[in-house]
There are 4 protein chains.
Amino acid sequence: MSIRVGIVGISGFGGGEALRLIANHPSFELVYAAGESSAGSRLVDRFPGVPARLAGLVIEKWDPAAMPALDVLFASLPTGASAAALARVPEGVKIVDIGGDHRYAEGWAYGLADVWPDRIKGQTRVANPGCFPAATLNALAPLLADRLIEPGHIVIDAKTGISGAGRGGDSKFGYAESNENLQPYGLLEHVHMPEMATTIERLSGGSAAGLVFTPHLVPMTRGLLATIYCRGRATTGQCLDAARRFYADRAFVRVTDTPPQTKWASGSNLSFVSYAADPERNLVIAMGVVDNLGKGAAGQAVQNANLICGLPETAGLEGAPVWP
Amino acid sequence: MSIRVGIVGISGFGGGEALRLIANHPSFELVYAAGESSAGSRLVDRFPGVPARLAGLVIEKWDPAAMPALDVLFASLPTGASAAALARVPEGVKIVDIGGDHRYAEGWAYGLADVWPDRIKGQTRVANPGCFPAATLNALAPLLADRLIEPGHIVIDAKTGISGAGRGGDSKFGYAESNENLQPYGLLEHVHMPEMATTIERLSGGSAAGLVFTPHLVPMTRGLLATIYCRGRATTGQCLDAARRFYADRAFVRVTDTPPQTKWASGSNLSFVSYAADPERNLVIAMGVVDNLGKGAAGQAVQNANLICGLPETAGLEGAPVWP
Amino acid sequence: MSIRVGIVGISGFGGGEALRLIANHPSFELVYAAGESSAGSRLVDRFPGVPARLAGLVIEKWDPAAMPALDVLFASLPTGASAAALARVPEGVKIVDIGGDHRYAEGWAYGLADVWPDRIKGQTRVANPGCFPAATLNALAPLLADRLIEPGHIVIDAKTGISGAGRGGDSKFGYAESNENLQPYGLLEHVHMPEMATTIERLSGGSAAGLVFTPHLVPMTRGLLATIYCRGRATTGQCLDAARRFYADRAFVRVTDTPPQTKWASGSNLSFVSYAADPERNLVIAMGVVDNLGKGAAGQAVQNANLICGLPETAGLEGAPVWP
Amino acid sequence: MSIRVGIVGISGFGGGEALRLIANHPSFELVYAAGESSAGSRLVDRFPGVPARLAGLVIEKWDPAAMPALDVLFASLPTGASAAALARVPEGVKIVDIGGDHRYAEGWAYGLADVWPDRIKGQTRVANPGCFPAATLNALAPLLADRLIEPGHIVIDAKTGISGAGRGGDSKFGYAESNENLQPYGLLEHVHMPEMATTIERLSGGSAAGLVFTPHLVPMTRGLLATIYCRGRATTGQCLDAARRFYADRAFVRVTDTPPQTKWASGSNLSFVSYAADPERNLVIAMGVVDNLGKGAAGQAVQNANLICGLPETAGLEGAPVWP
């Protein structure tokens, strides 16, 4: 029996990736799509390669009161845009919020699916982690769980593809200005800091997190790498072992001996983690790679939807990464 | 019951894409992988995101005499490298040759799957079309079938992503020299000409083909567009109608009113065709877009394997394109 | 003695490139810069690497009545935006219009500088050719002058980097949607057709031009290639000879035996032309490469300004291309 | 009077950029070019846009004993390849070694030209800094000079364009594998560490340097950014002030309030530095941007050559960056 799902925010990159994954999903049936800038178009007008059975679905302007009966709603809206409207969605509709408004909000589970699947199962409201936290926290979780690093001294140097900046039309994200350009931004003030700090504190049993976080825009469409500098006395082998134990029965996290590359995850829901440590220098470098639209957005959202719908966690997410 | 398949040439881009598609296929089980430069490695060493069940398969040096029992073999070898060795493959093993050695060779079906599926079903040896022919011929077939253009005067201006040049290490295909560079090559002499000419003659009922073909390397990894200038008195509408009729019951060809873009097909087996015509000027412009590694190589190969194995043509190929 | 110059439209890519070239020019002194979206900023705010002596110049909102005394004005405005305002510029100010409003307009010389320098010298109003015409006409001029091709049957398949689409903020020119994408557009209707047709007629002594022109957007910032299919009975050698004679004493056009690549011209005012012909098939392929912001815009504009100011044609334009 | 210069290693990217800069230089005359893979070719065969006066110069196989009389030799050879051969160059020939063999070697000045110009003037043997050190040390020098950071705790997260990996033909630097890919490498072991440590110690008056250095390959041709995490109690304003004082009379270093982007320096010899600090957290983030082939290689080499030849430091290096 199919599960009826809807997407709001389908004009954006996260919404578009949710469409691709849902279209391939064995149990989800897309019955509703809403978007601001594309309202009135058919899906095929916006996504020329959409499967034929979905081609004629007309994108609507979102109105929580006028949605058809749904089992699950994926919301992919700009931060600040979703809280009020999502409050009007009927309680019986499960929601995965890919946007930023409900992370650690009252009544919402934080959907760090590879780390805390059991806290997500059975929920009806899940806030998907941000793309930077997805890569960072998956890399740090095993180290924090095993007390291999100090949560109070973590430097996160993160790099994302430009789809992470959203689909607005600012010329600074235009091809001509972005190609051959590498741009640090948001120093000492990025919006993803609080959810990372809160999660790190929970993972470390309550110790206060001390984070430095510097995001960079890299001239590529997809892909996200966090290179994370920590204090700790563990060896590289101890870190890798901790991660292999932590993720032993998890489907999507790959622990690698060599530093991961963003292309390894492209188009998939995979998360790669690796480590390089020098105990004499009190140094652990953790690395996390995701596709910012996959595990960093729509992939983890579908994983969360699988968890709250009682489906196999991997349903619809088994595709290998696209290479090259 | 699963069908046992092997890949030779897995070190190259075509072989790697075949791996991705076979790993996602509901009926194919990969039991053998061979490659020159990667022999001795496990699949996971070369493809870090490969599904866990295939991770440990060891890549072998190809020896037709030492292969395990196979139902289907995908061969993705450089032109000139496959004919002698493939002749030694047992007759009971079906072969799809992605390389160029058997196109219009004796005993081999030409696998233009969207145009001639019935000529492929029941065969045991299929030669996959080249990437340029795949895009070009899908666009031209309806026009030739309906006699809307003159086969003797066709100018094909084709543009491919750099994966089309193969995975050799020539520095001219290096990132630094290829990025921000657009390169015409092989003027008046490209290796793909004969198979296009032969196919065009067959599609037009025996009229002699007259082709000009100019390939260009474009700074992108995947994607292929053929812009084709023909003589003919049809209108744009007549061309589109002809294509919609020709491909009415075909799963992978999309006929669009607007000029297709390469990203529409990325990561998929789709083929987009469109037309713009000016009958007063005796001009028909046909456009064909494919992913050069999808419909242009491994995608069409899997489609051909489905046809010769009696499977649904779309098995394992239903994934929507990756966007953006 | 320095020549006082101004730029209007400095917010755009053409204006920015004019700034770079003028900043390096031995005789031009920039005393005025105007721009819509950047008015009120200092040059250094918009162009962080601008030479220190120009850093503090404040960009103004353009008002022809409020300009300081100028010898030359470079106008780089969207088509349709410049005609009325430029009419109000004092007659004593020489103008090079990089925009499209004055090509073959009354009272304006058409600034095809490598072909017709003598028609430009002594003028005070010059309309710079469009980027596609710059590459195309430089490649065709020698063939037309020597009657080696038929002006009535010319197919131009042109490819440009994305800076050619201007600096607007449309998300379709955004990095995420443009990278790994190749896009044909404007079939049978492009705005550059009339100036090409008029010029071809003049170059061919009045014969009617018959043009097919298909532009494509290529995922690169700069660079433009026109691949041009003509009817003619010349050999490759005859075409190359004709071009070498035609451009024998010209500084910026390079005639090459091998097909030119866009990177060869990057950041320079060079124009590369080459040819491949098959007289038995009545076929001549001409190729022209330019940097769309160099010879295709600001480079040729400075060359034109040099010509009308009586300076050496190469002043400020001698920099070799940037490679890789 | 012109200064006679030669380049060895002209086949590589550093050598090619040296050619471009020397071709534009008002006092340098290129009379000799040597290269391994391009020996026997004329310059124009390898660099189609080279100025006409240099086009016919034939590239030779390097033999120190068979060079013409030279005033300055630029050596751009792989690390390990230059020491023995350069020892055979006549003493009267000044040498700037762009390669890595002579950094802090006996008898060679370390050519950190923006920081220590006076130590370079009057020398005859200069070892050019590596590309990562160039960006890093220019950013750190003012902080170290003013004791604003602790030299013992410096984390350098560095990102370079792919031309930084050299021009070898490894397929991992190929376009198809590098595009849409971001790759950390050489963790805890990079070859550029010793020269950075030594320089930091000298800049800080002998305090021991403690460095963590992680380089990353970014999918762009040129450009290099170092994001550097330091311990210190200074404010952002104090760091910016220190840098503005330190570089007050220097031509090529720009101190910016906002984080620098790699495109700001593209094609130029500029170096951008900026800072963001949080004294309460004992944190100073320093950022340095260069073009890895400009200030990171050939640009600084020409600057060093100017210094040792008694020319104006900026000769031939005044071109503004290429944008976009």
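Parameters and conventions
- Residues numbered from 1 in each chain as written.
- Chains lettered and ligands numbered in written order.
- Predicted model: local features only at pLDDT ≥ 70, side-chain atom pairs only at ≥ 80, totals over all residues.
- Heavy atoms only, no water.
- Contact = heavy atoms within 4.5 Å.
- Buried area = accessible area lost by both parts, 1.4 Å probe.
- Salt bridge = Lys/Arg side-chain N within 4 Å of Asp/Glu carboxyl O.
- Least-squares fit on C-alpha atoms with pLDDT ≥ 70 in both.
- Polar contact = N/O pair within 3.5 Å; in protein donor to acceptor, adjacent residues only side chain to side chain.
- Helix = DSSP H or I, 4+ residues; strand = E, 2+ residues; numbered from the N terminus.
- Nonpolar A, V, L, I, M, F, W, Y, C, P; charged D, E, K, R; others polar.
- Buried < 20%, exposed > 50% of the residue type's maximum accessible area, 1.4 Å probe, protein only.
- UniProt positions renumbered as here; feature names shortened; annotations may be inferred.
- Axes fitted to C-alpha atoms, helices over the stretch in contact; angles between N-to-C directions.
- Parallel < 35°, antiparallel > 145°, perpendicular 65-115°, else oblique.
- Lys, Arg positive; Asp, Glu negative; His and termini not counted.
- Domains from an automatic or database assignment.
- Phe/Tyr/Trp six-rings, centres within 6.5 Å; stacked < 30°, edge-to-face > 60°.
- Lys NZ or Arg CZ within 6 Å of the ring centre and 35° of its normal.
- Pairing = 2+ DSSP bridges.
- Left-handed = near helix turned anticlockwise from the far one by under 90°.

## Focus on the interface of chain A and chain B
Every contact between the two is made by 30 residues of chain A and, on the other side, 30 residues of chain B. The junction of chain A with chain B conceals about 2,400 Å² of combined surface from both sides, 61% of it contributed by carbon and sulfur atoms. Interface area lost by chain A to chain B is led by A:P48, A:W323 and A:P324, which between them contribute 26%. Where chain A packs against chain B, one counts 0 salt bridges.

## Here's the deal with the relation of the copies chain A and chain B
Relating one copy of the chain to the other takes a rotation about an axis and a shift parallel to that axis. The transformation that overlays chain A on chain B combines an axial shift of 0.0 Å with a rotation of 180 degrees, and the residual RMSD is 0.0 Å. Here the symmetry operator amounts to a two-fold rotation axis. Comparing interface residues between copies, 100% of those in chain A also sit at the interface in chain B, which points to an isologous, same-surface contact.

## Points about the relation of the copies chain A and chain D
For these two chains of identical sequence, chain A goes onto chain D by a turn of 180 degrees and a shift of 0.0 Å along the axis, with RMSD 0.0 Å. When the interface residues of chain A are mapped onto chain D, 100% of them again lie at the interface, so the same face is used by both copies.

## Considering the interface of chain A and chain D
With 42 residues of chain A in contact, the opposing surface of chain D contributes 42 residues. Together, the buried faces of chain A and chain D total about 3,500 Å²; carbon and sulfur atoms form 61% of this surface. At the boundary of chain A and chain D, one finds 2 salt bridges. Linking D:D157 and A:K159 is a salt bridge whose minimum nitrogen-to-oxygen distance equals 3.0 Å. The tally of links from chain A across to chain D stands at 30 residue pairs in polar contact (both at pLDDT 80 or more). Considering every element that reaches the side of chain A that touches chain D, the biggest residue donor is strand β9 (residues 211–218) of chain A, with 5 residues. Tallied by class, residues from the side of chain A that touches chain D come to 23 nonpolar, 10 polar and 9 charged.

## Comments concerning the pattern of salt bridges
Inspection of every chain in the model, using the stated rule, returns 60 salt bridges over all chains. Its salt-bridge partner being B:D146, residue B:R245 comes within 3.1 Å of it at the nearest N-O pair. Highlighted residues: B:R245 in helix α8 (residues 236–246) and B:D146 in the loop between α5 (131–145) and β7 (154–160), separated in sequence by 99 residues. For B:R245, a relative accessible area of 53% translates into the label exposed. Take B:D146: its relative accessible area is 33%, and that puts it in the partly exposed class. Of the charged contacts in the structure, one is a salt bridge between D:R103 and D:E195, with a shortest N-O distance of 3.1 Å. With D:R103 in the loop between β4 (94–97) and β5 (109–110) and D:E195 in helix α7 (residues 193–203), this pair connects stretches of sequence that are 92 residues apart. When sorted by exposure, D:R103 lands in the same class as D:E195, which is buried. Taken together, the shared-partner salt bridges connect A:E17, A:R20, A:R222 and A:D291 into one network.

## Some details on the UniProt feature "domain: Semialdehyde dehydrogenase NAD-binding" (unreviewed entry) in chain A
UniProt records the feature "domain: Semialdehyde dehydrogenase NAD-binding" (unreviewed entry) at residues 4–123 of chain A, using the numbering of this structure. Span residues 4–123 of chain A is 19% helix and 18% strand, its end C-alpha atoms 17 Å apart.

## Some remarks on the packing of α5(B) against helix α9 (residues 294–308) of chain B
Residues and elements named next belong to chain B. At a minimum axis distance of 8 Å, the contact between α5 and α9 shows a crossing angle of 95 degrees. By the criterion of interaxial angle, the relationship of α5 to α9 is roughly perpendicular. Contacts between α5 and α9 pair C131, A134 and N138 from the former with K295, G296 and Q300 from the latter. Broken down by class, the residue content of the contact of α5 with α9 amounts to 2 nonpolar, 3 polar and 1 charged.

## Here we look at the side chain of D:R254
If you trace the backbone, D:R254 turns up in strand β11 (residues 253–255). Here D:R254 is buried and forms no salt bridge, its nearest opposite-charge partner D:D114 lying at an N-O distance of 9.9 Å.

## Details of the domain arrangement of chain A
Residue and element names in this part refer to chain A. One can read the domain layout of chain A as domain 1 (3–129 + 296–309) and domain 2 (131–292). Here the C-alpha centroids of domain 1 and domain 2 sit 25 Å apart. Each side of the interface is counted separately: domain 1 has 20 residues, and domain 2 has 26 residues. A buried area of about 1,900 Å², summed over both sides, lies between domain 1 and domain 2, and 53% of it is on carbon and sulfur atoms. At the junction of domain 1 with domain 2, the criterion picks out 2 salt bridges. Linking domain 1 with domain 2 are 13 residue pairs in polar contact (both at pLDDT 80 or more). Those elements that provide at least two residues to the side of domain 1 that touches domain 2 are α1 (13–23) and α9 (294–309). It is α9 that contributes the most residues to the side of domain 1 that touches domain 2, 5 residues altogether.

## Remarks on the packing of aromatic side chains
As enumerated under the stated definition, the model contains 30 aromatic pairs over all chains in all. When the centroid spacing of 5.1 Å and the interplanar angle of 0 degrees are considered together, the rings of A:Y175 and C:Y175 count as stacked. Here A:Y175, found in helix α6 (residues 175–178), pairs with C:Y175, found in helix α6 (residues 175–178), and the two come from separate chains. Grouping residues by exposure puts A:Y175 and C:Y175 together as buried. Geometrically, the ring pair formed by D:F246 and D:Y247 is edge-to-face, given 4.9 Å between the ring centres and 75 degrees between the ring planes. Residue class for D:F246 comes out partly exposed when judged on its relative accessible area of 25%. Since its relative accessible area comes to 3%, D:Y247 is described here as buried. Put simply, the rings of A:F13, A:F47 and B:W323 touch in pairs and so form one group of aromatic residues. Lying across the ring of C:W116, C:R119 places its NZ or CZ 4.1 Å from the centre.

## Describing the sheet that holds strand β1 (residues 3–8) of chain D
Residue and element names in this part refer to chain D. With respect to topology, 6 strands assemble into an open sheet ordered β2-β1-β3-β4-β6-β5, the strand pairing being parallel. Each having just a single partner strand, β2 (28–34) and β5 make up the two edges of the open sheet. Across 4 bridges, the pairing between β1 and strand β3 (residues 72–75) is parallel. Considered in β3, the bridge of V5 is made with V72. Strands in contact with helix α1 (residues 13–23) are β1, β2 and β3; relative to β1, the strand with the most contacts, it is inclined by about 160 degrees. Along the sheet, helix α9 (residues 294–309) makes contact with β1, β2, β3, β4 and β6 (125–127), crossing β4 at roughly 155 degrees.

## Focus: the packing of α1(D) against α9(D)
All names here are of chain D. Here α1 crosses α9 at 45 degrees, and the two axes come no closer than 8 Å. In terms of orientation, α1 and α9 fall into the oblique class. Handedness of the α1/α9 crossing: right-handed. Only A298, G299 and V302 of α9 make contact with α1, whose side of the interface consists of G14, E17, A18, L21 and I22.

## Here we look at the pairing of β7(B)
Residues and elements named next belong to chain B. Among the 7 residues in β7, 7 count as buried, and that is most of the element. Two elements, β7 and strand β9 (residues 211–217), share 7 bridges in a ladder whose sense is parallel. Bridged to V155 within β9 is V212. Bridge count between β7 and strand β10 (residues 224–230): 7 bridges; the pairing is antiparallel. Residue pairing for β10: I156 is matched across the bridge by I228.

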